[in-house]
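A structural walkthrough
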Amino acid sequence: FDRRWLMIWADVARVVLMAALAVAAVVDVPVVTVPVLATLATAAATPYLPCVAATTPRLVPDADLPAANALRSAVTQVGIVAGPALGGLLLVVASPAVSFAVNAVSFGLSALAVLTIPAGPAFAPARADAAARKLRPELGAGLAALRSQRGALRLVGADVLCSFVYGACTVLLVLVARRLGFGVNGFGYLLAGFGIGGVGGTLLAGFLARLRDDIAIAVALTAVALPLPLLAVNPSAVVAVGLTALSGAGAVLVEIRTETGLQRMLDEAVFGRAYGFALPASIGGIVVGSVVAPAVVG
């Protein structure tokens, strides 16, 4: 599929699903309807990031690739911080149905924004033989591409580790906030630190771009890991948020380096399929971390 239209249809699907959630907020529907609609909305978003990652190298010179990926990541991190804040504000001044409707409008605006980009070869799918157009060979080609590049596997592994830490922190920071007496909003402040650090981390991506992959990843992973034991020594609220921000900055630097590395290492014809494995693996790290953390605490 043309990546431009795939992104547009992903947005249109989310417009419809958010509108359905707005209706569900005012109409008496089975409670299972809401999580099902939310799941479908998340599924509709699945093609978006692989399309962006596969298209970016065609739109910018290779030397500017780290900066372009950093800017995209910065937008994502701002959304992580600003999105819940705007959602909370909407719930204060309006009903849940209105909040879902506003979210639907935001996806509509996203579709219109993509439509304004002229169609062209940058969005065309990579050429592949007839066999590779079938689902199973495509998936197999993506996995084989990752396995053939040890450096790519290491980058994906580092990204999955960062996701694991984030997933664990979604559980552990609740306990940290309670133990440090930060009040009912303490968990939100600590988690927001990840997003704030992520925005700051994108500013350092250019500096790390000058380093070799192994050194850059080692520095970034150290930034992710170092704050975690320090959160156990009863820091003040400001210091605790600063520690989570440092960890968030390291995680974003790993993400940027991983995406840039995969774009450079993997053949364009299989990049989208390989990224289709890397992205779920990263999300899976969050799930595993959030499951392991309470078991360890227990």
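Scroll up a little and you will see the structure.
Below is a summary of the structure that appears in this document. (Residues numbered from 1 in each chain as written. Predicted model: local features only at pLDDT ≥ 70, side-chain atom pairs only at ≥ 80, totals over all residues. Heavy atoms only, no water.)

The next thing to look at is the pattern of salt bridges. Evaluation of the coordinates by the stated rule reveals six salt bridges. The residue Asp 11 makes a salt bridge to Arg 14 at a minimum N-O spacing of 2.9 Å. Note that Asp 11 and Arg 14 are positioned in helix α1 (residues 3–24) at a spacing of three residues, about one turn of the helix. Glu 259 is the partner of Arg 72 in a salt bridge, and the nearest nitrogen-oxygen pair spans 2.7 Å. Of this pair, Arg 72 sits in helix α4 (residues 65–93) while Glu 259 sits in helix α12 (residues 237–265); the two residues are 187 residues apart in sequence, bridging distant segments of the chain. In terms of burial, Arg 72 and Glu 259 fall into one category: buried. (Salt bridge = Lys/Arg side-chain N within 4 Å of Asp/Glu carboxyl O. Helix = DSSP H or I, 4+ residues; strand = E, 2+ residues; numbered from the N terminus. Buried < 20%, exposed > 50% of the residue type's maximum accessible area, 1.4 Å probe, protein only.)

Moving on to helix α3 (residues 48–59). In this model α3 runs 16 Å from its N-terminal to its C-terminal C-alpha over twelve residues, within 8% of the 16 Å that 1.5 Å per residue would give. The complete set of buried residues in α3 reads Tyr 48, Pro 50, Cys 51, Val 52, Ala 53, Ala 54, Thr 55 and Thr 56. Where the residues of α3 are buried, they touch α1, α2 (33–45), α4, α5 (96–115), α12 and α13 (268–297). (Expected span 1.5 Å × (residues − 1). Contact = heavy atoms within 4.5 Å.)

What follows covers the side chain of Ser 247. Looking at where Ser 247 falls in the secondary structure, it is placed in helix α12. Among the residues examined, Ser 247 registers a relative accessible area of 1% and is labelled buried.

In a regular helix each residue adds 1.5 Å, so 30 residues correspond to 44 Å; helix α7 (residues 150–179) covers 42 Å between its end C-alpha atoms and thus fits that length. If you look at α7, its biggest bend is around 40°, right at Thr 170. (Bend = angle between axes of the 7 residues up to and from the residue.)

Turning our attention to the nonpolar core. One finds Leu 173, Phe 182, Leu 190 and Val 254 to be the most contacted residues of the largest nonpolar core, which totals 27 residues. At the level of secondary structure, the elements contributing two or more residues to this core comprise α7, α8 (186–203), α9 (205–208), α10 (213–225) and α12. Ranked by the residues each element gives to this core, the list is headed by α7, at eight residues. With near-sequence residues (within four places) excluded, Val 254 lies in contact with Ala 158, Asp 159, Cys 162, Ile 217, Ala 220 and Leu 221. Ala 145, Leu 146, Val 156 and Ala 278 belong to the second largest nonpolar core, which has 14 residues in total. (Core = buried A, V, L, I, M, F, W, Y, C linked by side-chain atoms within 4.5 Å.)

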